[in-house]
Amino acid sequence: MICPNITVNEKNHLCFAGRDTTQLAEKYSTPLYLYDEQLIRQKCRMYKKAMAEYMGAGSRPVYAGKAACFKHMYEIMGQEDMCVDLVSSGEIYTAMKAGFPMERAFFHGNNKTDGDIAYAIDCGVGHFVVDSFDELYALDAIAKEKGVVQKVLLRVTPGIDPHTYEAVNTGKVDSKFGVAIETGQAAEFCKAALELSNISLQGWHCHVGSQVFDEDHSVYHDTAEIMLSFMKEMNEKHGLSLNVLNIGGGYGVRYVNSDPAIDIPQNIKTLGDFIKEYCEKLAMPAPIILMEPGRSIVADAGMTLYTVGTIKKIPGYKNYVSIDGGMTDNPRYALYGSKYTVFNASRVESEDKLRCDLVGRCCESDDVIQPDVSLTAPGRGDVVAVCTTGAYNYSMSSNYNRVGRPAVLMLTETGEHIAVRRETLEDILSCDM
Ligand SMILES: *Cc1c(COP(=O)(O)O)cnc(C)c1O
């Protein structure tokens with residue numbers, strides 16, 4: 001199976017985190033997002049342990065909240081003693097309402113409005129990750145008005161192309177995110193931050209991209225080399241001893257069997273060893289390392305269940321199996337051609353298979369969950385499971401065609417509970433005057 005928490009029971013039904021998915025579909029209706037809460041907690045602990053062990057005291061993961069953002073997720077992150085990344089006033093509000101300790105939050109984004117900046121300061125966000133000169137000056141001015149000295153990391157672009165899909169590739173010089181080292185602008189960015197009275201510069205941030213497998217370790221090692229050299233240069237030039245380096249997120253996850261499975265602790269060890277050695281070479285102390293995993297914490301802890309509706313066979317062409325959700329709950333195929341593993345959860349194993357496009361219910365031809373998949377004898381009313389949907393599915397969902405968002409059901413060791421209820425017709429109308 002694509003993930004160890006997916007199994008098949010004696011009724012030939014698909015199970016997730018030990019639960020029969022067809023029973024969950026019947027009890028809670030579909031579409032339905034599932035999360036294996038124990039797996040999320042295990043991933044947090046795995047990152048924390050490996051980073052503390054292999055990257056030195058103070059090094060720790062920062063969960064990228066945008067991957068899956070709702071109150072209960074921040075409750076989990078609070079309980080697991082994680083830091084989090086937030087990218088909007090809405091995400092800050094969600095974390096606040098979950099009681100997340102805001103000093104452990106990092107505020108990201110390439111275009112924080114004055115309103116966002118003021119709100120984040122009022123909420124006591126620990127660090128801003130400042131993305132541009134404009135933001136730096138706006139933040140200094142607003143912090144001054146409020147009588148606050150704001151801790152910041154500066155986001156710079158190391159100029160690394162991780163060879164992943166363009167839309168999730170952010171570390172190149174021509175990116176909309178961060179300030180480039182190569183052009184000399186990042187050095188100016190540092191100088192500007194040091195001159196501002198209400199900015200307290202703590203260190204550096206970069207993020208080269210997402211769904212990075214980095215099997216030969218070149219992406220993160222090259223990134224670390226560039227960033228460490230830059231840190232040393234800035235420390236020497238300005239007589240500083242900044243010792244925080246956030247190297248971003250992005251370890252890839254396995255969506256289909258042909259994707260490699262990454263041994264994350266082993267990768268962290270290899271990277272940690274490399275950083276120590278490189279720092280010795282540069283004769284500088286090894287910094288505290290922060291990493292920002294999103295997808296690799298929540299993706300395979302998630303699954304989406306749907307019910308099969310219309311089945312359309314076009315002899316000599318292709319077959320369509322339509323489900324009761326689509327791009328409104330998972331726009332990732334439409335956005336980036338993302339791959340997924342799918343099952344007929346009501347009949348997992350059978351010789352009788354149908355090749356088909358698994359499509360949604362929206363009035364849009366690109367509303368495809370996955371083209372050209374093999375489903376075992378699908379029939380109207382069967383439950384279809386799409387695996388590895390825990391990242392960037394619920395958080396990217398929409399109300400296109402006035403379709404309500406599905407519920408989010410957490411599966412725990414001892415039971416299950418709704419973390420986000422299903423949107424009703426009244427919810428759909430709730431902002432209409
Ligand atoms: C999206 C993002 C992440 C998380 O990326 P994943 O691929 O989900 O691990 C981390 N840091 C920044 C700045 C991001 O924009």
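Residues numbered from 1 in each chain as written. Predicted model: local features only at pLDDT ≥ 70, side-chain atom pairs only at ≥ 80, totals over all residues. Heavy atoms only, no water.

1. Side note on the overall build of the protein chain
Along its length, the protein chain carries twelve helices and 21 strands. The C-alpha atoms of the protein chain give a radius of gyration of 23 Å, which matches the 22 Å a tight globule of 433 residues would have. Oriented by its inertia axes, the alpha-carbon framework of the protein chain measures out at about 70 × 55 × 45 Å. Scored against the burial criterion, the 433 residues of the protein chain give a buried share of 58%. For the protein chain, the share of sequence-separated contacts (at least 6 apart) that also reach a separation of at least 24 residues comes to 69%. Carbon and sulfur atoms provide 49% of the accessible area of the protein chain, an area that totals close to 18200 Å². If the 42 positive side-chain charges of the protein chain are averaged to one point and the 57 negative ones to another, these points end up 3 Å apart. (Helix = DSSP H or I, 4+ residues; strand = E, 2+ residues; numbered from the N terminus. Rg over C-alpha atoms; globule rule 2.2 N^0.38 Å. Buried < 20%, exposed > 50% of the residue type's maximum accessible area, 1.4 Å probe, protein only. Contact = heavy atoms within 4.5 Å. Areas by Shrake-Rupley, 256 points an atom, 1.4 Å probe, with all protein chains shown as cover. Lys, Arg positive; Asp, Glu negative; His and termini not counted. Charge placed at Lys NZ, Arg CZ, Asp CG, Glu CD.)

2. Topic: the pairing of strand β17 (residues 353-359)
Within β17, five of the seven residues are buried, which leaves the element mostly enclosed by the surrounding structure. Here three bridges tie strand β15 (residues 319-323) to β17, and the two strands are oriented parallel to one another. Across the sheet, the residue bridging to Val 321 is Leu 358, located in β17. (Pairing = 2+ DSSP bridges.)

3. Quick notes on the side chain of Ser 338
Tracing the backbone shows Ser 338 in the loop between α11 (332-336) and β16 (342-344). Judged by relative accessible area, which is 8%, Ser 338 ranks as buried. Among the polar contacts listed, one links the side chain of Ser 338 to the backbone oxygen of Arg 332, at a separation of 3.1 Å. Excluding residues that lie within four positions of it along the chain, Ser 338 makes contacts with Arg 332, Tyr 333 and Gln 370. (Polar contact = N/O pair within 3.5 Å; in protein donor to acceptor, adjacent residues only side chain to side chain.)

4. Comments concerning the domain arrangement of the protein chain
Examined at the domain level, the protein chain breaks down into domain 1 (6-30 + 300-429) and domain 2 (37-293). Averaged C-alpha coordinates put domain 1 and domain 2 at centres separated by 33 Å. Buried area between domain 1 and domain 2, both sides added, is near 1800 Å², and the carbon and sulfur share of it is 63%. Where domain 1 touches domain 2, the interface holds one salt bridge. Across the salt bridge formed by Lys 43 and Asp 300, the nearest N and O atoms sit 2.7 Å from each other. (Domains from an automatic or database assignment. Buried area = accessible area lost by both parts, 1.4 Å probe. Salt bridge = Lys/Arg side-chain N within 4 Å of Asp/Glu carboxyl O.)

5. A few points about the site of the ligand
Around the ligand lies a shell of 15 residues, among which Lys 66, Ser 210, Glu 292, Arg 295 and Tyr 392 are the nearest. Contact distances for the ligand include 2.7 Å between an oxygen atom and a backbone N or O atom of Arg 295. Expressed as a share of its isolated accessible area of 390 Å², the protein-covered part of the ligand is 92%. Looking at the shell around the ligand residue by residue, the class counts come to three nonpolar, seven polar and five charged. (Near = heavy atom within 4 Å. Nonpolar A, V, L, I, M, F, W, Y, C, P; charged D, E, K, R; others polar.)

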